[in-house]
Amino acid sequence: MGRHAAVVGGGIGGLAAAIGLRAAGWEVTVLERSAALPETGTGLGIWPGALRALDALGVGAEVRRRGRRQADGLIRRPDGSRIAAIDVGRLERRHGEPVHLITRPALLEVLAGALPGPVLRFGAPVDDPGSLAEAYDLVVGADGIGSVVRTVLHGDRCPLRYAGAVAWRGVADIEVPVGGETWGRGRKFGVTPEGPGRTNWYAAVALPEGHPPPADDREELRRLFGDWHQPIPRLLGALAADGVLRHEIRDLTPLPSYVSGRVALLGDAAHAMTPDLGQGACQALIDAVALADCLHDTDDVPAALRAYDRRRRRPTQRIAAAARWTGRLAHARRLLPARDALLRLALAAGPPA
Ligand SMILES: Cc1cc2nc3c(=O)[nH]c(=O)nc-3n(C[C@H](O)[C@H](O)[C@H](O)COP(=O)(O)OP(=O)(O)OC[C@H]3O[C@@H](n4cnc5c(N)ncnc54)[C@H](O)[C@@H]3O)c2cc1C
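To keep things clear, this report deals only with the structure shown in the data block. Computed from a predicted structure; not experimentally measured. Residue numbers run consecutively from 1 along every chain, following the written order of its sequence. The model is predicted, so local features are restricted to residues of pLDDT at least 70 and side-chain atom pairs to those at 80 or more, both for listing and for counting; the totals for chains, interfaces and linings are taken over all residues.

For the rest of this paragraph, the subject is the overall build of the protein chain. Looking only at helices and strands, the protein chain has 13 helices and 16 strands in total. Radius of gyration: over C-alpha atoms. The globule rule applied is 2.2 Å multiplied by the number of residues raised to the 0.38 power. Relative to a compact globule of 353 residues, whose C-alpha radius of gyration would be 20 Å, the protein chain shows 20 Å and is just as compact. Across its three principal directions, the C-alpha atoms of the protein chain cover 65 × 40 × 40 Å. Contact definition: two residues whose C-beta atoms, as placed from backbone geometry, lie within 7 Å. Sequence separation of at least 24 residues holds for 74% of the intrachain contacts in the protein chain that already meet a minimum separation of 6. Put simply, DSSP marks the helices as runs of H or I at least four residues long and the strands as runs of E at least two long, and each gets a number from the N terminus on.

Pasting the structure below:
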């Protein structure tokens, strides 16, 4: 049989899968609905396991070069007192290196740069993934949280679930001395230094589903967080009018399978998770390497995809459940001393690598 794969979605998981599949001897076409790679975007934390996946794809050194090592941080209360420390050194001792921070556009640029031009087709939205399965030997659904490929496998049986909170995020032209999060009653605020004079920030607030958006996001953020410790008020004062994104946080009901016949899902299409552990992109990269590995040296695509499903479904669903649990903890409204103690315990147990 032939070895021509269609990858739906040229995001982090799709581009990584294309690199891996090409190295495993597949001809690959990536169909991406956007007209070009994004030029703006916030930072992503890439954990050691995902850095190893990038190494397997041959681009790990470039990601480390373009990114920066995450420094130690703090989890604090709104008055600035400390709940727990984020000890990067411990992660480094355990896994050989720390988390590296890189912006989404930079990571996509590195991945796209490892593919020959004709592989990646921009302006190519896929509306009917079922027809791709007839034209290609393998279809990879890497089309993110709203995946159309997932509907071919599961219809609407496994819907997205509201996670109980609304998030705002952006990048501010301001420098903060230390990164970390601040957890209050039913809300949290996070900052990650991105480079000289730039800081990624995000905020999440427990709200009922469908809560009407505020007339002015910046005003709302100042109302919610303006009396928290510095540098939060200073950062909120520096927000550009068009620099605030707002969305309801959702994750995916666990799927009974990531594969069917010659169709496979990876990344957010397979296991969209809440952003609370910063693991979604990392797991998409690890999925991509596992998928290519299973499809190396075999003509039995359905059997290879079943092996991929066995390898990746359980660990990714465990991390997604942990992310949802962490979000609940962060947005708790009651028993805050017990919540803080639980957080310290969870940090002591260590995050997924
Ligand atoms: C606030 C926030 C912070 C985060 N921080 C981190 C972090 O620090 N570390 C981390 O690992 N993860 C983080 N994540 C998660 C991470 O962004 C996602 O998990 C990751 O982008 C998933 O990659 P993907 O390739 O599966 O999907 P996506 O990145 O969503 O890519 C999907 C691609 O498919 C394309 N597409 C969609 N539908 C179609 C179609 N029908 N036809 C053609 N193309 C299509 C889209 O245009 C897109 O390019 C964060 C997420 C959020 C919201």
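Still to come is the rest of the account.
Moving on: the nonpolar core. Defined on buried residues, the nonpolar core groups Ala, Val, Leu, Ile, Met, Phe, Trp, Tyr and Cys residues joined through C-beta atoms within 7 Å. Counts of 20 or more other C-beta atoms within 10 Å of a residue's own C-beta define buried residues, counts of 12 or fewer define exposed ones, and intermediate counts define partly exposed ones; C-beta atoms are placed from the backbone. In this structure, A17, V140, L266, L285 and L291 are the most contacted members of the largest nonpolar core, which totals 66 residues. For A17, the contacting residues outside a window of four places in its chain are V7, V140, A142, L266, A288, L291 and A292. If you look at the next biggest cluster of nonpolar residues, it comprises 26 residues, including V166, A167, A204 and A206.

An axis is simply a line fitted to the C-alpha atoms; with a helix, the fit covers only the stretch in contact. Between two such axes, the angle follows the N-to-C directions and lies from 0 to 180 degrees. Put simply, helix α11 (residues 280–294) and helix α12 (residues 301–330) touch, their axes get as near as 9 Å, and they point 160° apart. Relative to α12, the element α11 lies roughly antiparallel. Seen along the crossing, α11 lies across α12 with a hand that is right-handed. Of the residues in α12, those touching α11 at Q283, D287, A290, L291 and C294 are A304, A307, Y308, R311, R312, T316 and I319. Class assignment for the residues of the contact of α11 with α12 results in 7 nonpolar, 2 polar and 3 charged. In these notes the angle categories are as follows: under 35 degrees is roughly parallel, over 145 is roughly antiparallel, 65 to 115 is roughly perpendicular, and the rest is oblique. The sense of a crossing depends on the near helix, which, turned anticlockwise from the far helix by less than a right angle, makes the crossing left-handed and, turned clockwise, makes it right-handed. Amino acids outside the nonpolar list (Ala, Val, Leu, Ile, Met, Phe, Trp, Tyr, Cys, Pro) and the charged list (Asp, Glu, Lys, Arg) are all regarded as polar, and Gly is one of them.

Two numbers describe how helix α1 (residues 12–23) lies on α11: the axes approach to 8 Å, and their chain directions differ by 20°. Our classification of the angle between α1 and α11 gives roughly parallel. In this structure, α1 crosses over α11, and the sense of that crossing is right-handed. Counting all contacts with α1, which are made through I12, G13, A16, A17, G20, L21 and A23, the residues of α11 involved are A281, A284, L285, D287, A288, V289, L291 and A292. Residues belonging to the contact of α1 with α11 are distributed by class as follows: 12 nonpolar, 2 polar and 1 charged.

This part is about the sheet that holds strand β13 (residues 198–206). A strand pair is defined by DSSP finding two or more bridges across the two strands. If you trace the 7 strands from one edge of the open sheet to the other, you get β6-β5-β11-β12-β13-β10-β14, paired in mixed fashion. Each edge of the open sheet is held by one strand with a lone partner, namely β6 (82–86) and β14 (245–252). Neighbour-to-neighbour, the strand axes of this sheet turn through a mean angle of 20°, independent of strand direction. Pairing between strand β10 (residues 160–172) and β13: 8 bridges, direction antiparallel. Looking at the pairing, W168 lines up with A203 of β13. On top of the sheet, helix α8 (residues 217–225) reaches β10, β12 (187–195), β13 and β14; it is set at about 75° to β13, its chief contact.

Attention now moves to unusual backbone geometry. Q230 connects to P231 through a cis peptide bond whose omega is 10°. Summarising the element assignment, P231 is placed in the loop between α8 and α9 (232–237). With a phi angle near 60°, D297 is a residue other than glycine that sits in the positive phi range. Following the sequence through the fold, D297 ends up in the loop between α11 and α12. We classify D297 as exposed; it has 9 C-beta atoms within 10 Å. Here the phi dihedral of L335 falls at roughly 55°; this positive angle occurs in a residue that is not glycine.

Our next topic: the sheet that holds strand β7 (residues 100–103). Strand pairing in a sheet relies on backbone hydrogen bonds, with the paired strands running either antiparallel or parallel. Strand order across the open sheet formed by 3 strands is β3-β7-β4, with antiparallel pairing between neighbours. Either end of the sheet is taken by a strand with one partner, and the two such strands are β3 (43–46) and β4 (68–69). Bridge count for β3 against β7 is 4 bridges, and the pairing is antiparallel. Among the inter-strand pairings, I46 is bridged to a residue of β7, identified as H100. Those strands touched by helix α5 (residues 104–113) are β3 and β7, and its axis lies near 85° from that of β7.

It is worth spelling out the site of the ligand at this point. Contacts to the ligand come from 32 residues, most closely from G9, G11, G144, G267 and G280. At the level of secondary structure, the elements contributing two or more residues to the shell around the ligand comprise α1, β3, β10, α10 (268–271) and α11. Of all the elements, α11 adds the most residues to the shell around the ligand, at 4 residues. Grouping the constituent residues of the shell around the ligand by class yields 15 nonpolar, 12 polar and 5 charged. Nearness between a residue and a molecule or strand is assessed with a C-beta atom placed from the backbone; a distance within 6 Å qualifies.

On to the pairing of β7. Of the two faces of β7, the one carrying H100 and I102 and the one carrying L101 and T103 are both buried. In the sheet, β4 pairs with β7 via 2 bridges, with the strands oriented antiparallel. Counted as the bridge partner of R68 is L101 from β7.

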